Amino acid sequence: LKAVILAAGNGVRLRPITETRPKPLIPILCKPMLEWHLERLAGVVDEVVLVVGYMGEAVRRFVEGMKLPFKTRFVEQGEPRGTGDAVVKGVSGLDSDEEVLVIYSDVFTPVNIIPEIAGAEGNILVASEVENPRDYGVVIEENGYFKRVLEKPAESYSRLINGGIYKLRVGDILANSDIAPSPRGELEFTDILNNMSRRGVEIRVHRLPGSSWIDIGKPWQLLEANKMALKSIRREIKGSVVGPVHIEGDVFIGEGSIVKPFTVIEGPVYIDQGVEIGPNARIRPWSVICKGSKIGFSVEVKESIILENVHASHLAYIGDSIICEEVNLGAGTITANLRFDESTVKMLVKNRLEDTGRRKMGAVIGAGVKTGVNVSLMPGVKVGSNTWIMPGSVVYRDVDSNSIHYA
Ligand code: TTP
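Just so we're clear, the structure is a prediction, and the values are computed from it rather than from any experiment.

A. Structural view of the domain arrangement of the protein chain. As assigned here, the protein chain comprises domain 1 (2-217) and domain 2 (230-405). Once you take the C-alpha centre of each, domain 1 and domain 2 turn out to be 31 Å apart. If you look at the interface, domain 1 gives 11 residues, while domain 2 gives 23 residues. Note on domain 1 versus domain 2: buried area summed over both sides is about 1300 Å², and carbon and sulfur give 68% of it. On the domain 1 side of the contact with domain 2, Pro16, Leu29 and Cys30 bury the most area, a combined 41% of that side's loss.

Structural data, given as structure tokens:
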């Protein structure tokens, strides 16, 4: 069995996170999404084809740095013309009687379903139940068999959506790849699936229950994905904890990390290797702090993701936020995460104001940003990478990358 992983998207909706890393290298519990997929394919496949494009070199370097028990091959997609185009390029050259696992690199299931899918007979499509089916490709099935996908329908006919994980016969994909661009101008893999169904190729629907699948397309979904993953961690403390520290619940602290006195950590919390916390910090549930970061004196972190080498050394509040790598937060930097009217927080995504569905949502801060002392960031604001926010600023709107924002 072989696998094709789609890793070529531009990830525009995830900016500024994707300004400095391709989407497949965005981590969940400090481990890139792509690494989760590759680890799960060990012992299941003998070759993985990675379809790459945007920041493809970074993807290639990352994969080549991993020790994997199967062959890997990279296919350049060129212009990202859609998932259908990517899959066809990924499977071309494979034997038509062979079966492939097709996996979108930006989907996450906290439980590993790959062995079950790989071991099942015939063509399989993984579908998941979600609360907001209208944002996805809604799957119509009959007696457990796939009939059609309706892309982002105005009305939702069912809560079952296309999960972006399949096992299919290569010949069935290629024989049905005669598709035209969709209304959004992309060659969609779902149109190939619709062709297959219409021409009598059987595809069994493998149904996942709610809350066991997520795709990471927009920033707040990264918070949700980490939250899903945090539900299955267990208390494990490998680093050192110095003096009076209060730790409750499921807290993971990686090797070489140090927690200094008078710190309170309320699990579930994941602290990676080489992290420094405290003295006198408060880390609240659903937080993830990655390698080399420093959360110092009187800094409170709540339901946030802090990527690598972030420094928040004193007197800061980071709530429901995503802080990318190499960010420096000045003393007194505050992310506001709740509106006075308590309505759900909106965020600009690809120039459209979208409802995050979250009553509490803070900021998304791109890599290399520096905030001066006493900077306040209003709910749902995004700051582009390598930008400076000058001291005393109150940031109400998104700030461009590589810029200077004056108070
Ligand atoms: P999408 O989330 O639809 O697209 P994207 O990753 O480019 O993100 P955005 O819309 O924010 O720019 O992609 C779904 C999956 O398919 C994802 O894993 C990336 C992959 N993909 C490709 O490999 N090639 C492509 O041409 C496209 C559109 C997506």
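What follows continues from the structure just given.
B. Summary view of the state of the cysteines. Inspection of every chain in the model, using the stated rule, returns one disulfide. One disulfide in the model links Cys30 with Cys290; its S-S distance is 2.2 Å. When the S-S torsion is -95 degrees, as for the bridge of Cys30 with Cys290, the disulfide is left-handed. With a gap of 260 residues between them, Cys30 in the loop between β2 (27-28) and β3 (31-32) and Cys290 in the loop between β23 (287-289) and β24 (294-297) connect regions that are remote in the sequence. The exposure classification of Cys30 matches that of Cys290, with both residues buried. With no disulfide of its own, Cys324 lies closest to Cys290 among cysteine sulfurs, the gap being 10 Å. The exposure class of Cys324 is buried, given its relative accessible area of 0%.

C. Highlighting the environment of Arg284. You can see Arg284 is positioned in the loop between β22 (282-283) and β23. Accessibility expressed as a relative area gives 22% for Arg284, which makes it partly exposed. Taking the C-alpha atoms as reference points, Arg284 and Val349, separated by 65 residues in sequence, lie 28 Å from one another.

D. Main features of the sheet that holds strand β34 (residues 364-365). Strand order in the open sheet formed by eight strands is β14-β17-β20-β23-β26-β29-β34-β37, and the pairing between neighbours is parallel. Only two strands of the sheet have a single neighbouring strand rather than two, namely β14 (236-237) and β37 (382-383). Summarising the sheet, strand β26 (residues 305-306) and strand β29 (residues 322-323) pair through two bridges and their orientation is parallel. Considered in β29, the bridge of Ile305 is made with Ile322.

E. Region of the structure containing the sheet that holds strand β21 (residues 276-277). Read across the sheet, nine strands follow the order β15-β18-β21-β24-β27-β30-β35-β38-β40 without closing on themselves; strand pairing throughout is parallel. Every other strand in the sheet has two partners, leaving β15 (240-241) and β40 (404-405) as the edge strands with one partner each. With two bridges joining them, strand β35 (residues 370-371) and strand β38 (residues 388-389) adopt parallel strand pairing. Bridging from a neighbouring strand, Thr371 pairs with Ile389 of β38.

F. Representation of the side chain of Glu35. Relative to the helices and strands, Glu35 is located in helix α1 (residues 33-41). Although Glu35 lies buried, it forms no salt bridge, and the closest oppositely charged side chain, Lys31, sits 5.4 Å away as judged by the N-O distance.

G. A look at helix α3 (residues 83-91). Every buried residue belonging to α3 is among Gly84, Asp85, Ala86, Val87, Gly90 and Val91, and all of these are buried. Those residues of α3 that are buried lie in contact with β1 (2-7), β4 (47-52), β6 (99-104), α5 (170-175) and α6 (189-198). Where α3 ends, the next residue or the one after it, Gly93, has phi of about 95 degrees, a positive value.

Conventions used here
- Residues numbered from 1 in each chain as written.
- Predicted model: local features only at pLDDT ≥ 70, side-chain atom pairs only at ≥ 80, totals over all residues.
- Heavy atoms only, no water.
- Domains from an automatic or database assignment.
- Contact = heavy atoms within 4.5 Å.
- Buried area = accessible area lost by both parts, 1.4 Å probe.
- Disulfide = S-S within 2.5 Å.
- Helix = DSSP H or I, 4+ residues; strand = E, 2+ residues; numbered from the N terminus.
- Buried < 20%, exposed > 50% of the residue type's maximum accessible area, 1.4 Å probe, protein only.
- Pairing = 2+ DSSP bridges.
- Lys, Arg positive; Asp, Glu negative; His and termini not counted.
- Salt bridge = Lys/Arg side-chain N within 4 Å of Asp/Glu carboxyl O.

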